[in-house]
Amino acid sequence: MTARDAFLTSEFRASDTHLNWLEDEAISILREVFGAFERPAILCSCGKDSLVVLHLAMKAAAPGKLPVPIVHIDTGHNFPEVISFREALVARHGLQLIVGHLDDSIRRGTIRLAHPLESRNRHQTVTLLETIEANRFDAVVGGARRDEEKARAKERVFSHRDSFGQWQPRAQRPELWNLYNTQLAPNENFRVFPISNWTELDVWNYIARENIELPSIYYTHRREVIERSGLLVPVTDITPPREGETVVTRDVRFRTVGDISCTCPVASTAANAHDVVIETIAATNSERGATRMDDRANDSAMERRKKEGYF
Amino acid sequence: MTISSRPLRFITCGSVDDGKSTLIGRLLYDSKALMIDQLDSLARHTNSARGARSFTGELDLSLITDGLEAEREQGITIDVAYRYFTTPKRKFIIADAPGHEQYTRNMVTGASKSDVAVILIDVTKVDFTQNEIILLPQTKRHAAIAGLLGIRHLIVAVNKMDAIAFDETKFNRVVDAFTQIAASLALPPFAAIPISALRGDGVVAHSENTSWFNGASLLASLEAIELHDSGTGQEQPHSLVAVQYVTRDAADDHRRWITGDVADAAIAVGDAIRVFPSGAQAVVAELSTPRGSVATAKIGEAVAIALDRQVDVARGDWIVGSKLETAIAASQQASAVIAWLDTTPLVVGRRLLARHGTRWLPARVSRVERRLNLQTAQWNLPSAGSESATVSCNEIVEATIEFASNIPLADYSASQTRGAIVLVDPGTHATAAAGMIRVEK
């Protein structure tokens, strides 16, 4: 039996009823954003979760045009496959793209790196907040999911942020029925998470069902990596091998796409979304645990970043 | 076998030390929703933060649900957290509401989106020496809130059965006591299940220790629940959509599409509709769901509607089936059960913002009629002269609300879409209250 056959007969295959329910909920949330806010935007890193949100947003607007711009916070440490994917996506759908460059923040002096090759992931928050302010966005849609990380398990669908973009876990607004409290004071904004209730498996099942195109690095490819403390670290200009480390070539794919300096692939031969579904069912490590150096640092790393205004 | 039904949302109701966190941890652990790295983290924290509550040689499953740094340090949970697990039969979404301070606030929030309430009773806290068993006030409170929020499926999980040697008689006595509470609150029928969250008995599989029990395990019971996403069937069904967003067709600039969620009953091409409040009439010409063009859109679907003629429609309006026209009693005043959630107490007569459907409008609570005693789950009439009394955070009252204009209200039990409101403080924008409209039938 091929992996594809196994998927099609798998008892874990999500039914249409199940995915339709999640799809309806997400589209309803996106229509709230389109209807209730003056200047909304969709954050799009070209990661799989944000591409699912973008797909849902286009459905929510159809048969009208997507009424909001997409925003990419560009750390400058990108996988080239992701940037070329982004350009093709924007051209294909006639999207309005706004890019916030981390390098601009560094030039302005609002970000100071401790050393040139430092991970830029946590600095994204500064550029994100600057981009929100410069464009006066009042609602920014993201692809975060509650199953990703424990600080996110307590996140609202409409997450209120003060003028410093801070998340205040102890002072969150209760969220009742689908009667979202969308009231804002000047300079405040919302972060909105339409796929809060989706799991990694739901996302992959949906990508497979809807044929959503992803950057090629999500599927198996040959890559030079270093085996470092249980992670496969990609060899790049930003993450060169350390002394004494051996570079090996492996069949890998990425489970998340972030800043080069902190995103690691996993060994995989999955060539399409169906193959990934099967691997996801069999996976024994969580998505962030397997691939993100930044979250490994500390059990509360995400909570601390979110309080500072991170997604 | 495929996952054939929509995800089931349930809330777990329990107080500190009832074993609620252990129960959720057990469901996630036994359904293999946890990954190796998450178990590693669990093992690190077991025997550290809360040594007294952990068990030598075993993982402390209650720590799975401890989210935030502050919570782990203090050994408490602060806010509603959402958990996910999937079995071959179904996807589950758990609203995990902490059981201590601000309990009403958290439980009302979690319950508003739940299909099922799992009420946890700690059997070691029940006094069996008396002839008549008296359950703890918190159990009455959980039952009362589940009832007010209109949760249609109740499961009573009698926990820590291992501590009373899986005694059938004691289990039955607890069930009898809950039956009386359920009757006094007019709750829907419930299932009762003996479990030990700590040892795993009765949670995922039937336990040999309770061989006298004929019912299904907790997980099997949850998997088997059938949801009927329709109205109560008491009223004539009629389509209803709160308008979220109106867009122009990219291919035809003159064609407008009205979007929103289908509530109460299906909507079909050819249906005669009216716009509320304008009264404009039209016929549904075309319908589109996220799956494509359809002849009928079902309850809960996110729909886009094209009408057969140009009518003025905007966010905040309602699209209603013509049959509903006579059924809608638009009103500026209503009686409602209000759960006050803001730390600043209610000031009777103060102008607030109300959200009803997709519309915001000014409103005020003009009179507090009676209060729910959360210890006894009984309604108390206010004593003379107390009408102006305030309502504090976590209190539940029945009150009269006035709205700035006519809105199509309905009894909450007949239509959650038309019967639910949220009150917001116009100054701070805090979510101040959840309201459930009561209409005399």
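Residues take numbers from 1 onward in each chain, read along the sequence in its written order. Written order decides the labels, with chains lettered from A and ligands numbered from 1. Whole-chain, interface and lining totals are the exception, using all residues; otherwise, since this is a predicted model, local features are given only for residues with pLDDT of at least 70 and side-chain atom pairs are given and counted only at 80 or more.

K.L.:
Sorry if this is basic, but what is going on with the overall build of chain A here?
P.N.:
Across its full length, chain A carries 11 helices and 10 strands. Counting only residues that meet the buried cut, chain A has 53% of its 311 residues in that class. Numbering goes from the N terminus for both helices and strands, where a helix is a DSSP run of H or I of at least four residues and a strand is a run of E of at least two. The exposure label follows from counting other C-beta atoms within 10 Å of a residue's C-beta, where the C-beta atoms are placed from the backbone and the thresholds are 20 or more for buried and 12 or fewer for exposed, leaving partly exposed in between.

K.L.:
Teacher, can you tell me more about the overall build of chain B here?
P.N.:
The helix and strand tally for chain B stands at nine helices and 23 strands. Looking at chain B as a whole, 47% of its 441 residues are labelled buried. By the convention adopted here, residues make contact when the C-beta atoms placed from their backbones lie within 7 Å. Nonlocal contacts in chain B, meaning residues at least 24 apart in sequence, comprise 70% of its contacts between residues at least 6 apart.

K.L.:
When you look at the nonpolar core in this model, what are you seeing that I'm missing?
P.N.:
Most often, soluble globular proteins keep nonpolar side chains buried together rather than apart. In this structure, Ile-42 of chain A together with Ala-117, Val-158 and Val-241 of chain B are the most contacted members of the largest nonpolar core, which totals 183 residues. Sequence-distant contacts of Ile-42 of chain A, that is, excluding residues within four places in its chain, are made with Val-53, Leu-54, Ala-57, Val-68, Ile-70, Val-71 and Val-141 of chain A. Core membership is restricted to buried Ala, Val, Leu, Ile, Met, Phe, Trp, Tyr and Cys residues, and these are joined into a nonpolar core through C-beta atoms within 7 Å.

K.L.:
So what exactly am I meant to see when it comes to unusual backbone geometry here?
P.N.:
Residue Pro-63 of chain A is reached from Ala-62 of chain A by a cis peptide bond, and omega for that bond is 0°. By the secondary structure assignment, Pro-63 of chain A is in the loop between α3 (48-61) and β2 (70-74). Residue Phe-276 of chain B is joined to Pro-277 of chain B through a cis peptide bond whose omega torsion reads 10°. Take Pro-277 of chain B: it is sitting in the loop between β11 (272-276) and β12 (281-289). Its identity is not glycine, yet Cys-46 of chain A carries a phi of approximately 70°, on the positive side. Considering the arrangement of structural elements, one finds Cys-46 of chain A in the loop between β1 (40-43) and α3. The class of Cys-46 of chain A is buried, set by 21 C-beta atoms lying within 10 Å.

K.L.:
Even after reading the chapter, I still don't get the confidence of the model for chain B, so can you show me in this structure?
P.N.:
Regions with low pLDDT carry predicted coordinates that are not meant to be interpreted in detail. All names here are of chain B. Mean pLDDT over chain B stands at 85; residues scoring 70 or higher make up 82%. Here residues 47-57 is a poorly scored stretch, pLDDT under 50, and it has nine contacts once near neighbours within four places are set aside; other chains count. Known as pLDDT, the predictor's per-residue confidence is scaled from 0 to 100. Taken as a whole, residues 231-236 scores under 50 in pLDDT and shows 12 contacts with residues more than four places along the chain or in a different chain. Among the prediction metrics, the complex's ipTM stands at 0.90, with pTM recorded as 0.89.

K.L.:
I tried to follow the sheet that holds strand β8 (residues 231-234) of chain A on my own but got confused; where do I start?
P.N.:
Strand pairing in a sheet relies on backbone hydrogen bonds. The paired strands run either parallel or antiparallel. Residues and elements named next belong to chain A. Pairing between strands is defined by DSSP: at least two bridges between the two strands are required. Strand order in this open sheet of four strands is β8-β7-β9-β10, and the pairing throughout is antiparallel. Each end of this open sheet is capped by a strand with a single partner; those strands are β8 and β10 (265-267). In this sheet, adjacent strand axes meet at a mean angle of 70° when their direction is disregarded. Here strand β9 (residues 247-254) runs beside β10; their pairing, made up of three bridges, is antiparallel. Residue pairing for β10: Val-252 is matched across the bridge by Ala-267. Note on geometry: axes are C-alpha line fits, over the in-contact stretch for helices, and angles between N-to-C directions span 0 to 180 degrees.

K.L.:
How should the confidence of the model for chain A be read in this particular structure?
P.N.:
With 86% of its residues at a pLDDT of 70 or more, chain A has an overall mean of 85. Summarising per-element confidence for chain A, the mean pLDDT is lowest in helix α1 (residues 3-9) of chain A (43) and highest in β1 of chain A (98).

K.L.:
For this particular structure, what's the right way to read the domain arrangement of chain B?
P.N.:
When the parts of a complex come together, some accessible area is lost, and that lost area is often used as the size of the interface. Residues and elements named next belong to chain B. What the domain assignment reports for chain B is domain 1 (8-224), domain 2 (240-324) and domain 3 (331-438). Tallying contributions element by element places helix α5 (residues 137-148) first for the side of domain 1 that touches domain 3, with six residues. As a working rule, the residues Ala, Val, Leu, Ile, Met, Phe, Trp, Tyr, Cys and Pro are called nonpolar, Asp, Glu, Lys and Arg charged, and the rest polar, with Gly in that last group. The residue makeup of the side of domain 1 that touches domain 3, split by class, is eight nonpolar, four polar and three charged. Where each domain begins and ends is defined by an automated method or by a domain database.

K.L.:
Before we go on, may I ask you to explain the pairing of strand β15 (residues 302-307) of chain B in this structure?
P.N.:
Regular strands place side chains that alternate from one sheet face to the opposite one. All names here are of chain B. Judged by how many residues are buried, β15 sits mostly within the fold: five of six residues are covered. Here strand β9 (residues 256-263) pairs with β15 via four bridges, running antiparallel. Directly across from Gly-260, in β15, lies its bridge partner Val-303. Looking at chain direction, β12 and β15 are connected through four bridges and run antiparallel. When the sheet's bridge partners are listed, Glu-286 is paired in β15 with Ala-306.

K.L.:
Which parts of the structure should I look at to understand the environment of His-142 of chain B?
P.N.:
Here His-142 of chain B lies in helix α5. Leaving out residues up to four positions away in the same chain, His-142 of chain B has contacts with Cys-13, Met-107 and Ile-119 of chain B.

K.L.:
I'm lost on the pairing of strand β4 (residues 116-122) of chain B in this one. Help?
P.N.:
All names here are of chain B. Burial within β4 is extensive, with seven of its seven residues counted as buried. Of the two faces of β4, the one carrying Val-116, Val-118, Leu-120 and Asp-122 and the one carrying Ala-117, Ile-119 and Ile-121 are both buried. In terms of strand pairing, β4 meets strand β5 (residues 153-159) through seven bridges, oriented parallel. Among the inter-strand pairings, Val-116 is bridged to a residue of β5, identified as His-153. We call a crossover right-handed when, viewed with the strands running away from us, the connection from the first strand over the helix to the second turns clockwise. Crossover β4 to β5 through α5 is right-handed.

K.L.:
Is there a simple way to think about the packing of helix α2 (residues 16-36) of chain A against α3 of chain A in this case?
P.N.:
Packed helix pairs are specified by the crossing angle of their axes together with the interaxial distance, meaning the distance between the axes. All names here are of chain A. Where α2 meets α3, the axes come as close as 9 Å, and the angle between the chain directions of the two elements is 70°. Classified by the angle between their axes, α2 and α3 sit roughly perpendicular to one another. Crossing hand, α2 versus α3: right-handed. Residues Glu-23, Ala-26, Ile-27, Leu-30, Arg-31 and Phe-34 of α2 pack against Leu-56, Ala-57, Lys-59, Ala-60 and Ala-61 of α3. Of the residues assigned to the contact of α2 with α3, the class counts are eight nonpolar, no polar and three charged. An angle below 35 degrees is treated as roughly parallel, one above 145 as roughly antiparallel, one from 65 to 115 as roughly perpendicular, and anything else as oblique. Left-handed describes a crossing in which the near helix is turned anticlockwise from the far one by less than a right angle; the clockwise case is right-handed.

K.L.:
How do you make sense of the environment of Arg-228 of chain A when you look at a structure like this?
P.N.:
Residues and elements named next belong to chain A. Topologically, Arg-228 is positioned in strand β7 (residues 221-228). Among the residues examined, Arg-228 registers 14 C-beta atoms within 10 Å and is labelled partly exposed. Between the C-alpha atom of Arg-228 and that of Pro-241, which follows or precedes it by 13 residues, the distance is 9.8 Å. The residues touching Arg-228, leaving out its near neighbours within four places in the chain, are Val-233 and Glu-245.

K.L.:
Hey, could you run me through the sheet that holds β4 of chain B in this one?
P.N.:
Residues and elements named next belong to chain B. Spatial strand order, β2-β3-β1-β4-β5-β6: six strands in an open sheet with mixed pairing. In the strand order of this sheet, the two ends are held by β2 (81-86) and β6 (190-194), each with one partner. Recorded for the sheet is a direction-independent mean angle of 25° between the axes of neighbouring strands. Note: strand β1 (residues 8-13) against strand β3 (residues 91-96), five bridges, orientation parallel. Residue pairing in the sheet places Thr-12 in a bridge with Asp-96 of β3. Helix α1 (residues 20-30) rests against β1, β2, β3, β4 and β5 of the sheet, and its axis sits at about 30° to β2.

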